[in-house]
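Structural description and commentary
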Amino acid sequence: MAPLTDEQARLLQEQNFATVATLNSDGSAQLSIVWIDWDGEHVIFNTAAGRVKPRNLERDPRVSVLVIDRGDGYRWVAVRGVAELTSDGADEHIDKLARKYTGEGWQPKPGEHRLLVRVRPEHVSAYGL
Amino acid sequence: MAQLTDKQREFIAENPYVGTVTTLRPDGSPHSTIVWVDAEDGVVTFNTAVGRAKERYLRNDPRAAIMVVHPDNAYRWVSVSGPAELTTEGADRQIDHLAKKYLGKDEYPWRSPTEERITVKIAAEKVDSAGFDE
């Protein structure tokens, strides 16, 4: 277990975006951009059931999350770990993220089932931090 | 084989936006890091040094994926994945070109005599993007 430094944690708590890498069924990497959060122990992001990311993570939970300072591309932190998916608290959490990134609450989409993804850092690499 | 549109290619080639590149460790887990990036016909390129993790991982498994995001607009991005080809030929010239693109310098300022540069070319087998209206 590799906790984040305060400075690294702040990068996740500020309005920065993350690139998440999951593994496709053929073992290749799938990349996507997500809103990101840190709860003191886990890197957290939010997705919706049926998307490629959660399907990939259910098959192979190994994930890499790289967060870059939107004001300075030479400050970044990359976290690797194993993802845990849950519906519990996912709706509240997407609302929290929406407020963080857009200043407004989340507008739920009919039929969409939100999922919260938690990653406990197993390895952390950083640059400029 | 997918192709980059002109706008996608220009987005990568003509802006000093860094890229997130993901390679695969020998155990198959993803390894992500930040690189300077460039693009030409159907190929996204970056530069690294011989012996680094990225280079070793790509020699073991050439599958790579790269994401370039607009720093002020995360809803504008291009992601490319495909097999990577590695070559030291022209890699010194390429790092100078990237130093110009990213630092405005004619020469890469951190050259080390013990370090051999290497160019990685990712064939755009799959291209995804957001924020490009075409």
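Conventions we followed
Residues numbered from 1 in each chain as written. Chains lettered and ligands numbered in written order. Predicted model: local features only at pLDDT ≥ 70, side-chain atom pairs only at ≥ 80, totals over all residues. Heavy atoms only, no water. Helix = DSSP H or I, 4+ residues; strand = E, 2+ residues; numbered from the N terminus. Rg over C-alpha atoms; globule rule 2.2 N^0.38 Å. Buried < 20%, exposed > 50% of the residue type's maximum accessible area, 1.4 Å probe, protein only. Contact = heavy atoms within 4.5 Å. Core = buried A, V, L, I, M, F, W, Y, C linked by side-chain atoms within 4.5 Å. Pairing = 2+ DSSP bridges. Axes fitted to C-alpha atoms, helices over the stretch in contact; angles between N-to-C directions. Patch = residues over 30% accessible without salt bridge, like charges linked within 9 Å, V, L, I, M, F, W, Y side chains within 5 Å. Areas by Shrake-Rupley, 256 points an atom, 1.4 Å probe, with all protein chains shown as cover. Salt bridge = Lys/Arg side-chain N within 4 Å of Asp/Glu carboxyl O. Buried area = accessible area lost by both parts, 1.4 Å probe. Polar contact = N/O pair within 3.5 Å; in protein donor to acceptor, adjacent residues only side chain to side chain. pLDDT = per-residue confidence, 0-100.

Some remarks on the overall build of chain B
- When you go through chain B residue by residue, the secondary structure sums to 3 helices and 8 strands.
- Scanning chain B from its N terminus toward the C terminus, one meets helices and strands in the order α-β-β-β-β-α-β-β-α-β-β.
- For chain B, whose C-alpha radius of gyration is 14 Å, the value lies close to the compact-globule estimate of 14 Å for 134 residues.
- Each of the three principal axes of chain B carries a C-alpha extent, and together these read 45 × 40 × 25 Å.

Here we look at helix α2 (residues 53–60) of chain B
- If you check which residues of α2(B) are buried, you get B:Ala53, B:Lys54, B:Glu55, B:Tyr57 and B:Leu58.
- Elements that come into contact with the buried residues of α2(B) comprise β1 (19–24), β2 (30–35), β4 (43–49), β5 (63–70), β6 (73–87) and β7 (117–123) of chain B.

Some details on the nonpolar core
- Counting 36 residues, the largest nonpolar core has B:Ile66, B:Val80 and B:Ile122 as its most contacted members.
- If you look at the next biggest cluster of nonpolar residues, it comprises 35 residues, including A:Ile33, A:Val43, A:Phe45 and A:Leu57.

Some thoughts on the sheet that holds strand β2 (residues 29–35) of chain A
Residue and element names in this part refer to chain A.
- Strand order in the open sheet made by the 7 strands is β2-β1-β5-β6-β7-β4-β3, with antiparallel pairing throughout. Of all the strands in the sheet, just β2 and β3 (37–38) have a single pairing partner and so form its edges.
- Summarising the sheet, strand β4 (residues 43–48) and strand β7 (residues 114–127) pair through 6 bridges and their orientation is antiparallel. Counted as the bridge partner of Ala-48 is Arg-114 from β7.
- Relative to strand β1 (residues 17–23), helix α2 (residues 52–59) is tilted by about 50°, and along the sheet it contacts β1, β2, β4, β5 (62–69), β6 (72–86) and β7.

Describing a nonpolar patch on the surface
- Together, A:Tyr74, A:Tyr127, B:Leu103 and B:Trp110 make up a nonpolar patch on the protein surface, roughly 420 Å² of accessible area in all.
- On the secondary structure map, A:Tyr74 appears in strand β6.

Quick notes on the pairing of β7(B)
Residues and elements named next belong to chain B.
- With 6 of 7 residues buried, β7 lies mostly within the body of the structure.
- Sheet analysis places β4 next to β7, joined by 7 bridges and oriented antiparallel. Bridged to Thr-48 within β7 is Ile-118.
- Note that β6 and β7 share 4 bridges and pair antiparallel.

Focus on the interface of chain B and chain A
- With 24 residues of chain B at the contact, the number on the chain A side is 23 residues.
- Here chain B meets chain A over a buried area of about 2000 Å², counting both sides, of which 60% is carbon and sulfur.
- The interface formed by chain B and chain A contains 2 salt bridges.
- The closest approach of N and O atoms between A:Asp26 and B:Arg63, which form a salt bridge, is 4.0 Å.
- Inspection of the region where chain B meets chain A yields 5 residue pairs in polar contact (both at pLDDT 80 or more).
- The leading source of residues in the side of chain B that touches chain A is β5(B), at 5 residues.

What about the confidence of the model for chain B?
All names here are of chain B.
- Across chain B, pLDDT averages 95, with 99% of residues at or above 70.
- Between the elements of chain B, mean pLDDT differs from a low of 94, seen in strand β3 (residues 37–40), to a high of 98, seen in β1.
- On the interface metric, ipTM, the complex scores 0.93, and its pTM is 0.95.

Quick notes on the environment of B:Ala123
All names here are of chain B.
- Relative to the helices and strands, Ala-123 is located in strand β7.
- By relative accessible area, Ala-123 is classed as buried at 19%.
- The sequence separation of Ala-123 and Asn-47 amounts to 76 residues, and the corresponding C-alpha distance is 15 Å.

Concerning helix α1 (residues 6–13) of chain B
- Residues of α1(B) that are buried: B:Gln8, B:Phe11, B:Ile12 and B:Ala13.
- Residues of α1(B) that are buried in the fold lie against β3, β4, β5, β6, α3 (91–103) and β8 (126–130) of chain B.

Observations regarding the pattern of salt bridges
Residues and elements named next belong to chain B.
- Evaluated as defined, the whole model comprises 18 salt bridges over all chains.
- One salt bridge connects Arg-111 with Asp-96, and the closest N-O pair in it is separated by 3.2 Å. With a gap of 15 residues between them, Arg-111 in the loop between α3 and β7 and Asp-96 in helix α3 connect regions that are remote in the sequence.
- Lys-126 is paired through a salt bridge with Asp-128; the nearest N and O atoms lie 3.8 Å apart.
- The class of Lys-126 is partly exposed, set by a relative accessible area of 40%.

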